[in-house]
Amino acid sequence: MNTPLPYSAEILRWLRRNGYDHCSPRAALIDMDGTLYDSMVNHTAAWHRLITETGIHCTREEFYLYEGRTGADTINELFKRGKGREATEQEKRDLYQLKTVYFRELPPVHPMPGALEMVTTLQGLGLKRVIVTGSGQSSLIDRIPEDFPGLFSTDLRITSRDVANGKPSPEPYLKAMEMAGVKPWQSIVIENAPLGVEAGARSGAFTIGITTGPIPAEEMWNAGADIVFPSMPEFARCAAQLILSLTKIAIS
Ligand code: MG
């Protein structure tokens, strides 16, 4: 009997769960914060400072779990919890603006180790690359062409401005598929946060969770990840084999 291809169990489970008989990967839909950039330490610091100043009690750690949500959603949820009411549109705009100011005051953010290798591998395999971020902060988005030269087209990106509902809604990933002209069974999602993983899984794409911060792998599995890798360099090392297996494994 032939040895099964690597990742067969994970791929077959995904195919069955979604009612697909095969996968032909054509696009990689890639999260930005905590995936392409090692930016979550700064984001959680800026959020903690901002929300504490509004008089709402919060911990730094909880902001890792909100990652993927739009800024407006995060502010609104915290207002409901801390003030017993929704934030006004004006408050959402003003506070998010202040959060981006606090973020920019922090030391510079660097690309995630292993991310350049990961995206280069996906490009080499012929996959379209689309950035799908809940962020509306231009400070990082604008650096992508410099930090990932030739790897991302500026017209293949979904930001908070392009969606009515942020992650964990599948909308950002479904819009990214539409933009790339692909279907869910032709898509992989690459994420580092549970809400993003949930959005990817609900979109029907093969959803890869990567632990790049303090969130444990278990949270990614619970959110619906089809596979979880322990670091970005490890995923970069395994990506070509995973894509090959996705191409070959089918339900007969
Ligand atoms: Mg992220």
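Anything mentioned here points back to the structure above.
Caption draft 1: Just the pattern of salt bridges, in detail. In the structure shown here, the tally under the stated rule is 13 salt bridges. The shortest N-O distance in the salt bridge between Glu 105 and Arg 49 comes to 2.9 Å. One end of the pair, Glu 105, is in helix α5 (residues 89–105); the other, Arg 49, is in helix α2 (residues 40–53), and 56 residues separate them in sequence. Overall, the relative accessible area of 52% leaves Glu 105 in the exposed class. The network of salt bridges with common partners includes Asp 31, Lys 167 and Glu 191.

Caption draft 2: Structural detail: empty space enclosed by the protein. For the coordinates displayed, the defined rule picks out 2 cavities of 30 Å³ or more. Approximately 230 Å³ is the volume found for the largest cavity. The set of elements that each furnish at least two residues to the lining of the largest cavity consists of α2, α3 (62–66), α4 (71–83) and α5. When the residues that make up the lining of the largest cavity are grouped by side-chain class, the tally is 5 nonpolar, 9 polar and 5 charged. Its volume calculated, the second largest cavity comes out at about 40 Å³. Considering the residues around the second largest cavity, the lining is formed by Thr 70, Thr 133, Gly 134, Ile 158, Thr 159, Ser 160, Val 163, Gly 166, Lys 167 and Pro 172.

Caption draft 3: View of unusual backbone geometry. Look at the link from Lys 167 to Pro 168: it is a cis peptide, with omega at 15°. Considering the arrangement of structural elements, one finds Pro 168 in the loop between β3 (157–158) and α9 (171–180). The phi dihedral of Tyr 7 is positive, around 70°, even though this residue is not glycine. Residue classification places Tyr 7 among the buried residues on the basis of a relative accessible area of 19%.

Caption draft 4: Representation of the packing of aromatic side chains. Summed over the entire model, instances satisfying the criterion amount to 10 aromatic pairs. For the ring pair Trp 14 and Tyr 20, a centre distance of 5.2 Å and an interplane angle of 70° mean the geometry is edge-to-face. For the pair shown, Trp 14 and Tyr 20 are each scored as buried. A centroid spacing of 6.1 Å and a plane angle of 5° characterise the contact between Trp 47 and Phe 63, whose relative ring orientation is stacked. Residue Trp 47 is found in helix α2, and its partner Phe 63 is found in helix α3; the two are separated by 16 residues along the sequence.

Caption draft 5: Focus on the pairing of strand β2 (residues 128–132). Burial analysis of β2 places 4 of its 5 residues in the buried class, the great majority of the element. Pairing of strand β1 (residues 27–30) with β2 involves 4 bridges; the strand directions are parallel. Along β2, the bridge assignment pairs Leu 29 with Val 130. Bridge count for β2 against β3 is 2 bridges, and the pairing is parallel. Of the residues in β3, the one forming a bridge with Ile 131 is Arg 157.

Cut-offs used in this document
- Residues numbered from 1 in each chain as written.
- Predicted model: local features only at pLDDT ≥ 70, side-chain atom pairs only at ≥ 80, totals over all residues.
- Heavy atoms only, no water.
- Salt bridge = Lys/Arg side-chain N within 4 Å of Asp/Glu carboxyl O.
- Helix = DSSP H or I, 4+ residues; strand = E, 2+ residues; numbered from the N terminus.
- Buried < 20%, exposed > 50% of the residue type's maximum accessible area, 1.4 Å probe, protein only.
- 1 Å grid on protein atoms, 1.4 Å probe; cavity = no way out; pocket = protein on both sides within 12 Å on 5 of 7 lines; lining within 4 Å.
- Points joined across faces, edges and corners; volume = space filled by probe spheres on them.
- Nonpolar A, V, L, I, M, F, W, Y, C, P; charged D, E, K, R; others polar.
- Phe/Tyr/Trp six-rings, centres within 6.5 Å; stacked < 30°, edge-to-face > 60°.
- Pairing = 2+ DSSP bridges.

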